[in-house]
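# Analysis of the macromolecular model
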Amino acid sequence: MSPMAFRLPFRLLGIPIEIDLSLLIVLPLMAWLIGSDVMVFAKFLGLPANSPLWQGSTPFLLGFLCALGLFVSVLVHELGHSLVAQRYGAKTQKITLWLLGGVAYSEEIPRTPGAEAVIAIAGPITSILLTGLLWLLHQATPTWWVGTQFVLGYLGLVNLMLALFNLLPALPLDGGRVLRSLLALTMPYARATQIAAQVSTILALLMGLWGFMVLNVWLMLIAFFVYTAGTSEARYATLSEGLKGFSVRNLMTPNVEVVPPQMTARELLKKMAAERHTCYPVIDLYGKPLGLVHLQHLHNVEPEQPVRDFLQSPAPTIGPEASALEALKQVSQSPLGRLVVVDAEHIVGILSRSDLLRAIELQTVEQDLRRNSQPQR
Ligand SMILES: [Zn+2]
């Protein structure tokens, strides 16, 4: 759980619900914004302009109810996704409500072709159904219940906007997922993600430009969110697709050459030239890794200086059963781009960034070949 979030004491459809603290700041702000513009909305909804409800502090109470209703609407939208995802066997781990709406975290996207599109479209459909329900309630409410009419009418509009906004074909919005899933029916998933991400980037830039021209902060904020979340999602999708099902053990180089800490710089250089390696784990007598030594460490050292003086310590380590995706996360934080694989404190191999990138590329090419050979079957 994010440190900036708290969990509601109940579950919905068996799913834990988290509230991000950003929401607690934005809720009163929205209540105030809606309350300040209460007359504009009332006029739009065809409600009488002379109602006493538009005076004093009542508009802010109405604004608060609307803001609260907005987030409940977002929650219902996310539950719509989760309900359909469950039918495909994809469990939702949690739903988080935050500043810009809701996110449902699922274990992984089901591999059934088109499933992602169905799950994605379920959200906007839920919101449209909710719009219909709110409209019916609005119609059934006596005209003299002006406050109820206001809240129902406002939330009906909000849900319609929510559906339309989410249908924009930009990742990570629902429309972007539908687009990707449909593209993936005819091409590899990673390629589909790339195209969907390109569409998202263009849309985000247009949205940002528009927001800048009309000086709408929300629009700019959402454009920024779509831009960053879309690109990182695209990157993650490509990587996780390529590394799916691999563990560190599958991709590491076993029986790795090691050096003792007392080896001198001169000896190490000779070894590097002979074996054409640029990086070695340094281990003690018991096989326990002490650090990593790289060709770049040999600049500005004395020829007789022992390795222990200039190695990078401690060595970044990972277990052989860790997932390749986890390894990729760790390797990107390691300055030498390598992880020492240790099992019960003993070195069993080494894993480099290029091992992982090669695996991703191999997997991508293999999938392309498999897809290309399908029509002949
Ligand atoms: Zn959605």
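Residues numbered from 1 in each chain as written. Predicted model: local features only at pLDDT ≥ 70, side-chain atom pairs only at ≥ 80, totals over all residues.

### A short note on the overall build of the chain
What the chain contains, in helices and strands, is 12 helices and 10 strands. By its C-alpha atoms, the chain is 90 × 55 × 45 Å across when sized along the principal axes. Looking at the chain alone, contacts between residues at least 24 apart form 62% of all its contacts between residues at least 6 apart. (Helix = DSSP H or I, 4+ residues; strand = E, 2+ residues; numbered from the N terminus. Contact = placed C-beta atoms within 7 Å.)

### Quick look at helix α7 (residues 189-213)
Between its terminal C-alpha atoms α7 stretches 36 Å, which fits the 36 Å expected from 25 residues at 1.5 Å a residue. Buried residues of α7: Tyr189, Ala190, Ala192, Thr193, Ala196, Ala197, Val199, Ser200, Leu203, Ala204 and Met207, and no others. Directly after α7, the chain includes Leu215, whose backbone phi takes a positive value near 50 degrees. (Expected span 1.5 Å × (residues − 1). Buried ≥ 20, exposed ≤ 12 C-beta atoms within 10 Å, placed from the backbone.)

### Quick word on the domain arrangement of the chain
As far as domains go, the chain holds domain 1 (5-243) and domain 2 (248-360). If you average the C-alpha positions of domain 1 and of domain 2, the two centres end up 47 Å apart. Taken residue by residue, the interface counts 4 residues in domain 1 and 6 residues in domain 2. Residues belonging to the side of domain 1 that touches domain 2 are distributed by class as follows: 2 nonpolar, 2 polar and no charged. (Domains from an automatic or database assignment. Nonpolar A, V, L, I, M, F, W, Y, C, P; charged D, E, K, R; others polar.)

### Remarks on the pairing of strand β2 (residues 15-20)
Sheet topology note: the strand β1 (residues 5-12)/β2 ladder contains 5 bridges and is antiparallel. Residue pairing across strands places Arg11 opposite Pro16, the latter belonging to β2. Linking β1 back to β2 in an antiparallel pair, the connection comprises 2 residues, with Leu13 at a positive phi of about 55 degrees. As judged from the 3 bridges shared by β2 and strand β3 (residues 92-98), these two strands associate in the parallel manner. Opposite Glu18, over in β3, you have Thr96 as the bridge partner. (Pairing = 2+ DSSP bridges.)

### Regarding the environment of Lys244
Within the secondary structure layout, Lys244 lies in the loop between α8 (217-243) and α9 (248-251). Overall, Lys244 belongs to the partly exposed group, with 14 C-beta atoms counted inside 10 Å. The spacing of Lys244 and Ser323 is 79 residues in sequence and 8.5 Å in space, taken between C-alpha atoms.

### Topic: the packing of helix α1 (residues 21-36) against helix α3 (residues 58-87)
Taken N-terminus to C-terminus, the directions of α1 and α3 make an angle of 130 degrees; their axes are 7 Å apart at the nearest point. Taken together, the axes of α1 and α3 lie oblique to each other. In this structure, α1 meets α3 at a crossing whose hand is right-handed. Residues Leu23, Leu27, Met30, Ala31, Trp32, Ile34 and Gly35 of α1 pack against Pro59, Phe60, Leu62, Gly63, Phe64, Cys66, Ala67 and Phe71 of α3. Residues of the contact of α1 with α3, tallied by class, amount to 13 nonpolar, 2 polar and no charged. (Axes fitted to C-alpha atoms, helices over the stretch in contact; angles between N-to-C directions. Parallel < 35°, antiparallel > 145°, perpendicular 65-115°, else oblique. Left-handed = near helix turned anticlockwise from the far one by under 90°.)

### Considerations on unusual backbone geometry
In this model, Leu171 is joined to Pro172 through a cis peptide bond whose omega is 0 degrees. Within the secondary structure layout, Pro172 lies in the loop between α5 (146-166) and α6 (174-183). Note that the residue after Ser313, namely Pro314, is joined by a cis bond; omega there is -5 degrees. Mapped onto the secondary structure, Pro314 falls in the loop between β7 (289-294) and β8 (317-318). For Leu13, which is not glycine, the phi dihedral falls at a positive 55 degrees. Following the sequence through the fold, Leu13 ends up in the loop between β1 and β2. Looking at Leu13, the number of C-beta atoms within 10 Å reads 11, which means it is exposed. At Leu215, a residue that is not glycine, the phi angle is positive and equals roughly 50 degrees.

### Digging into the sheet that holds strand β9 (residues 338-343)
In any sheet, the strands associate via hydrogen bonds between backbone groups, in a parallel or an antiparallel arrangement. Reading across from one edge, β5-β10-β9-β8 is the order of the 4 strands in this open sheet, with mixed pairing throughout. Each edge of the open sheet is held by one strand with a lone partner, namely β5 (253-254) and β8. Pairing geometry for β9 and strand β10 (residues 346-352), over 6 bridges, is antiparallel. Pairing of Arg338 across the sheet is with Ser352, part of β10. Taken strand by strand, helix α11 (residues 324-331) contacts β8, β9 and β10, and its axis lies near 130 degrees from that of β9.

### Structural notes on the environment of Leu65
The residue Leu65 is located in helix α3 in this model. Here Leu65 falls in the partly exposed class, since 18 other C-beta atoms lie within 10 Å of it. The spacing of Leu65 and Ala122 is 57 residues in sequence and 26 Å in space, taken between C-alpha atoms.

### Some words on the pairing of β7
Regular strands have side chains that alternate between both faces of the sheet. Burial within β7 is extensive, with 5 of its 6 residues counted as buried. Inspection of the sheet shows strand β6 (residues 279-283) paired to β7 by 5 bridges, in the antiparallel sense. If you follow Tyr280 over to β7, its bridge partner there is Val293. Between β6 and β7, which follow one another and run antiparallel, lie 5 residues, and Gly287 among them has a positive phi close to 85 degrees.

### A look at the packing of α7 against α8
The geometry of α7 relative to α8 is characterised by a closest axis approach of 8 Å and an angle of 170 degrees between their N-to-C directions. Accordingly, the angle class assigned to the pair α7 and α8 is roughly antiparallel. Per-class residue counts for the contact of α7 with α8 are 17 nonpolar, 9 polar and 1 charged.

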